[in-house]
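Fold and geometry: a report
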Amino acid sequence: MRELTIQKGEGNQRLDKFLAKYMDKAPKSFFYKMLRKKNIKLNGKKAEGNEKLMEGDTIVLYLAEETIDSFRTKPISSKKEGKRQEMGSRHQKVPVLYEDENVIFMNKPSGMLTQKAKKEDYSLNDWLLQHVEEKRTQSLGNIVVKPSVCNRLDRNTSGLVIGGISLIGLQTMSELLKGRTIDKYYITIVKGQVKSSSHLKGWLIKDEKRNLVTLSKVRQEGGVLIETEYEPLCVGDTVTLLKVHLITGRTHQIRAHLASIGHPVVGDTKYGDSVLNRQFRNKYKVQDQVLHSYELKFQTVKGELSYLSNKTFKAPIPRLFETVIKGEGLAF
């Protein structure tokens, strides 16, 4: 038998969801069978599994300790994980812009994957797991929460990435991103002179095999609606510094959308201008798209993370980006 008390940050979820996290190796059918047989009780009473948990609730598992442990994944020790990732972490510097017990905001460097593409890859998510594991000194509740990045950037796009540390942090950030109540702004340099702001809409179709997207002004089968706003910050002779508001968030959205109107991102090898890219490569050693996730603005946040309401977070622009801005006379 094992008795569990719901801790801070573990409430506001269904009983069956909690059980699936606590005994993550067990099939769902096992939980419902045990609930029917009253081998799992909530606050001393029979439960169905759809009850909403609150802090302080008590769950009793009338199961053998060996059975419970056999259904639980053992947490990875920070020492073992640190050794496994030592080679990767030695060359990865990820500035932390803000961190508390629930969330972390990181400034991802260009060239680093947000999440693994292959097993041997070292990603920002790997860095986050190691970073949090090394700082943990005590149990954070019944559930071993696995920290994770909550939004993605292309490999060669730098800037702000949100990470969830606690269960409530992961849940809240997921809800806010899904509901588009976090305003995301990017800084980029594009080909040509852009003299006025605009709000773009279109339909994006992804080619999974080639990892490319195409855009259409009219609805297409398999396409998803995308929206992008931009405003010029400084217009140069041949390029423009833009601030882009990413309203939706789809694969290669900013790069493809701006290229579709004749203003591709400088350095973009997929959707960009090869002649312009060559000029900036020779002049500034630009190898990839000059695109940076610059700013996050939170609207009203309800619940335990309400302290983030109306807060703004910014990621400093990379040194190469600054060099290009100065070199092209783009005041910012």
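Residues numbered from 1 in each chain as written. Predicted model: local features only at pLDDT ≥ 70, side-chain atom pairs only at ≥ 80, totals over all residues. Heavy atoms only, no water.

Below, the discussion takes up the layout of surface pockets. There is about 970 Å³ of room inside the largest pocket. In terms of lining, the largest pocket is formed by 35 residues, of which the most central are Arg152, Leu153, Asp154, Arg250 and Thr251. For the lining of the largest pocket, the elements supplying multiple residues, two or more each, are helix H7 (167–178), strand E9 (182–191) and helix H8 (253–260). (1 Å grid on protein atoms, 1.4 Å probe; cavity = no way out; pocket = protein on both sides within 12 Å on 5 of 7 lines; lining within 4 Å. Points joined across faces, edges and corners; volume = space filled by probe spheres on them. Helix = DSSP H or I, 4+ residues; strand = E, 2+ residues; numbered from the N terminus.)

What follows is about helix H9 (residues 274–284). Turning to H9, its buried residues number three or more, namely Leu276, Asn277, Phe280 and Tyr284. Buried residues in H9, looked at end-on, bunch into an arc of 100°, giving them a common side. Contacts from the buried residues of H9 go to E9, strand E13 (239–246) and helix H10 (319–327). Between the side-chain oxygen at the start of H9 and the backbone nitrogen of Val275 there is a gap of 3.0 Å, and the oxygen is on Asp273. (Buried < 20%, exposed > 50% of the residue type's maximum accessible area, 1.4 Å probe, protein only. Arc of directions from axis to C-beta. Contact = heavy atoms within 4.5 Å. Polar contact = N/O pair within 3.5 Å; in protein donor to acceptor, adjacent residues only side chain to side chain.)

So, on to the environment of Lys283. As for its placement among the helices and strands, Lys283 is situated in helix H9. Judged by relative accessible area, which is 56%, Lys283 ranks as exposed. Residues Lys283 and Lys135, spaced 148 residues apart in sequence, show a C-alpha to C-alpha distance of 43 Å.

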